[in-house]
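Chain residues, written in single-letter form:
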Amino acid sequence: MSDDDMENGGDEGSEMEAPAAAAGSGDPLDDYFGITKAGSTVETEIRAGLTTFLTMAYILFVNPSMLSLTGIPFEDALFATAVAAFVGCVVMGLWANLPFALAPGMGLNAYFTFTVVLYGFGVSWQIALAAVFVEGVLFMILSLPQVGARSAMINAIPKDLKIATMAGIGMFLAIIGFRESGWIQDDGATLVNLSATESWTHLEGGLWALIGLIMITVLMARKVKGAIVISIIVVSVAGWGLGVHDTYSDFYDDGGPWDDTVTADVDDDGNPTGNYTIDYNITDIRATAEPPTEYFGMPELPKETLFAAIEALGDIGGDGEGAVGWGTFMMIMIAFFFVDIFDTAGTLYGVGKMAGKIDENDQIENSDEAFMSDAAGTIVGSLTGTSTVTSYIESAAGVEEGGRTGLTAVVCGVLFLMGLFFAGFFKAIPVFAVAPALIIVGAMMMRGVVEIDWKDIEIALPAFVTIVLMPFTYSIADGIAWGLITYVFIKACVGKHEELIENKVLSIIALLMAMFYPGPGDQ
């Protein structure tokens, strides 16, 4: 990139122009994305895009499975997931020229499903999609280079907390990988515990995940290119051939929608308590790795969700069936807004640090364009039938594989679109084959933790809170928010008010987060 383009978010009126390769390579891809200048090759970028996609392919069936609980047809959600990911990745690659992939966020789809539609707010999925649509439009406006509000918010965060964010994301990736490998399990007494590893046989996915993890590490140590992809392919083929137990997929009945029963809890007088009991009916389900049964299929346009968000806008403030008040709608939209801001910001900084995309001012290169990418994906996703789109921490797998330019993101986006045609094949990749990639990338993301000033307790505690809360709460946004809250409160209590006055943006963000998290509550 040119020096001007490396400024945060680009200059006002910046155009979609990628840097030219050093001395002109004669290769259109190299010339457009500046691959040689970034120290990469076209082959490496394509391999990195494939790696990122393989670590994210699960979203093609997990997201529709979750959203189908709300009443959204599985096929509609699958179409929306693939198209939204394609749009987000392509915009990220072609405009921001960054190797980061996007798709509907897992934490955000859980909020959409369980808090907004099924339990807390209890609105229809159409209204929920309308809230996502409005949030996406608002994101688009705030991300414009002429506005730059989202970049200002991210750049206000102290450097040590940004580094802590990267490390926290690494731990978050690791706990996801451990869970998907079948190495850990929930425990009523200790929260989390080691699974029954002593009973593993050659038919247990946990053992094959261990083999995959060691394989990646050895190949990386020997400087073998494509280590992560090689491991995923080898472990997948072995799993298919042996019919290995895929522990994580025990939560799904043959990969279809979850079969659950939601029951409202009541007190002794029969009054609703506001809590719910969920029976997932999975006691007898044992998933095994099965080879693909079909390799190609023609996708269809969504039957119910296409433009349903636009139609639902007319139900806001009305009194008919499915209508919702403006106050409730704004609460839903704002919650989506804040969670997505910090999810995306944390991911972009953490993965950007690995990719060398953080400039000398500790700012994300082309951040405005990057934020515009998730806004574009979110708008398209809401119009077709899925929840908020965000940058994915799995992008770190492609970066570790050598991805340094937007071509990595474009390749990943094209593969997502192809996933509509080859959903059967991608769906057959066992979860335990992909999980080791998350663990190894999580380890790589811990590198920067030594740069935190651990001797300064005023920053050490907020940094520590940021790191540990991400895996413990299963949320990047929660870790960042509580890190900021503790940082500002500590500075205020030790009397360093001038620092808070100088960084007004950070102080305002922390105040808003304090209202959202520790109080004032629902009363």
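In this text, all values refer to a predicted model and were calculated from it rather than measured experimentally.

Caption draft 1: A look at the overall build of the protein. Broken down by element type, the protein carries 21 helices and 6 strands. Counting the 523 residues in the protein, one finds 56% classified as buried. Within the protein, residue pairs in contact and separated by at least 24 positions form 76% of the contacts whose partners lie at least 6 positions apart.

Caption draft 2: Up close: the packing of helix α4 (residues 74-96) against helix α15 (residues 406-419). Following both chains from N to C, one finds α4 and α15 inclined at 165 degrees, their axes separated by 7 Å at the closest point. Between α4 and α15, the angle is such that the two are roughly antiparallel. Handedness of the crossing formed by α4 with α15: left-handed. Two secondary-structure elements touch here, α4 through A82, V83, A85, F86, C89, V90, M92, G93 and L94 and α15 through G406, A409, V410, C412, G413, V414, F416 and L417. Among the residues forming the contact of α4 with α15, the class breakdown is 14 nonpolar, 3 polar and no charged.

Caption draft 3: Spotlight on the pairing of strand β3 (residues 191-194). With 4 bridges joining them, strand β2 (residues 184-187) and β3 adopt antiparallel strand pairing. By the bridge assignment for β3, Q185 is matched with N193.

Caption draft 4: Up close: the packing of aromatic side chains. For the structure shown, the criterion picks out 6 aromatic pairs. Consider the rings of F53 and F416, whose centres lie 5.1 Å apart with planes at 85 degrees: the pair is edge-to-face. Linking F53 in helix α2 (residues 42-56) with F416 in helix α15, this pair joins segments that are 363 residues apart in sequence. The pair F53 / F416 is uniform in exposure class, with both members buried.

Caption draft 5: Layout of the pattern of salt bridges. Across all of its chains, the model carries 6 salt bridges by this definition. The shortest N-O distance in the salt bridge between E458 and K491 comes to 2.8 Å. One end of the pair, E458, is in helix α18 (residues 457-473); the other, K491, is in helix α19 (residues 476-493), with 33 residues separating them in the sequence. The residue K496 makes a salt bridge to E458 at a minimum N-O spacing of 3.0 Å. In this pair, K496 sits in the loop between α19 and α20 (497-502) while E458 sits in helix α18, placing the two residues 38 residues apart along the sequence. Among the residues examined, E458 registers a relative accessible area of 12% and is labelled buried. The network of salt bridges with shared partners includes E458, K491, K496 and E499.

Caption draft 6: Seen up close, unusual backbone geometry. One non-glycine residue, L191, lies in positive phi territory at about 75 degrees. Assignment of secondary structure puts L191 in strand β3. For L191, a relative accessible area of 62% puts it in the exposed group. Non-glycine residue F307 carries a positive phi angle of around 65 degrees. Among the structural elements, F307 can be located in the loop between β5 (272-279) and α11 (308-312). A relative accessible area of 44% means that F307 is categorised as partly exposed.

Caption draft 7: Examining a nonpolar patch on the surface more closely. Together, V137, I141, L144 and V147 give the surface a local cluster of nonpolar side chains, amounting to about 280 Å² of exposed area. Following the sequence through the fold, V137 ends up in helix α6 (residues 125-143).

Caption draft 8: Representation of the state of the cysteines in the model. Scanning all chains against the criterion turns up 0 disulfides. In this structure C412 is not part of a disulfide, and its nearest cysteine sulfur, from C89, lies 4.4 Å away. Given the relative accessible area of 0%, C412 is considered buried.

Caption draft 9: Region of the structure containing the nonpolar core. With 117 residues, the main nonpolar core has M92, F342 and F416 as its most contacted residues. Membership of the second largest hydrophobic core comes to 29 residues, among which are A128, V132, F133 and L383.

Caption draft 10: The arrangement of the side chain of N63 in detail. Along the chain, N63 falls in helix α3 (residues 59-67). Judged by its relative accessible area of 0%, N63 is buried. Not counting residues within four places of it along the chain, the set of residues in contact with N63 comprises T81, P104, N109, T386 and S387.

Caption draft 11: Examining the side chain of S387 more closely. Residue position: S387 is located in the loop between α13 (367-384) and β6 (389-391). Discounting chain neighbours no more than four positions away, the residues touching S387 are N63, L67, P104, L108, N109, F112 and V132.

Caption draft 12: Expanded view of the environment of A463. Within the secondary structure, A463 is located in helix α18. Spatially, the C-alpha atoms of A463 and P158 are 10.0 Å apart, while their sequence positions differ by 305 residues. Discounting residues that sit within four places of it in the chain, A463 has contacts with L161, A164, I452 and W454.

Caption draft 13: Quick peek at α13. Given a rise of 1.5 Å per residue, 18 residues ought to cover 26 Å, and the 26 Å separating the end C-alpha atoms of α13 matches this to within 8%. Along α13, 17 of the 18 residues are buried, which leaves the element largely enclosed by surrounding structure. Two residues or fewer after α13 comes G385, characterised by a positive phi angle close to 130 degrees.

Caption draft 14: Representation of the packing of α3 against α4. Axis separation between α3 and α4 bottoms out at 8 Å; the angle between their running directions is 135 degrees. As the angle between them shows, α3 and α4 are arranged oblique. Here the hand of the crossing between α3 and α4 comes out right-handed. Contacts between α3 and α4 involve I59, L60, F61, N63, P64, S65 and L67 on the former and, on the latter, F74, A77, L78, T81 and A82.

Caption draft 15: Local environment of the confidence of the model for the protein. Residue-level pLDDT values for the protein average 81, and 86% of them are 70 or greater. Confidence drops under a pLDDT of 50 for residues 252-262, and excluding neighbours within four residues, the segment shows 34 contacts in the predicted structure. Of the regions scoring below 50 in pLDDT, residues 280-284 engages in 9 contacts with residues more than four places distant in sequence or in other chains.

Caption draft 16: Expanded view of the environment of A96. Along the chain, A96 turns up in helix α4. On the accessibility criterion, A96 (0% relative accessible area) is buried. Once the C-alpha coordinates of A96 and D368 are considered, the two residues, 272 residues apart in sequence, prove to be 8.2 Å apart.

Cut-offs used in this document
- Residues numbered from 1 in each chain as written.
- Predicted model: local features only at pLDDT ≥ 70, side-chain atom pairs only at ≥ 80, totals over all residues.
- Heavy atoms only, no water.
- Helix = DSSP H or I, 4+ residues; strand = E, 2+ residues; numbered from the N terminus.
- Buried < 20%, exposed > 50% of the residue type's maximum accessible area, 1.4 Å probe, protein only.
- Contact = heavy atoms within 4.5 Å.
- Axes fitted to C-alpha atoms, helices over the stretch in contact; angles between N-to-C directions.
- Parallel < 35°, antiparallel > 145°, perpendicular 65-115°, else oblique.
- Left-handed = near helix turned anticlockwise from the far one by under 90°.
- Nonpolar A, V, L, I, M, F, W, Y, C, P; charged D, E, K, R; others polar.
- Pairing = 2+ DSSP bridges.
- Phe/Tyr/Trp six-rings, centres within 6.5 Å; stacked < 30°, edge-to-face > 60°.
- Salt bridge = Lys/Arg side-chain N within 4 Å of Asp/Glu carboxyl O.
- Patch = residues over 30% accessible without salt bridge, like charges linked within 9 Å, V, L, I, M, F, W, Y side chains within 5 Å.
- Areas by Shrake-Rupley, 256 points an atom, 1.4 Å probe, with all protein chains shown as cover.
- Disulfide = S-S within 2.5 Å.
- Core = buried A, V, L, I, M, F, W, Y, C linked by side-chain atoms within 4.5 Å.
- Expected span 1.5 Å × (residues − 1).
- pLDDT = per-residue confidence, 0-100.

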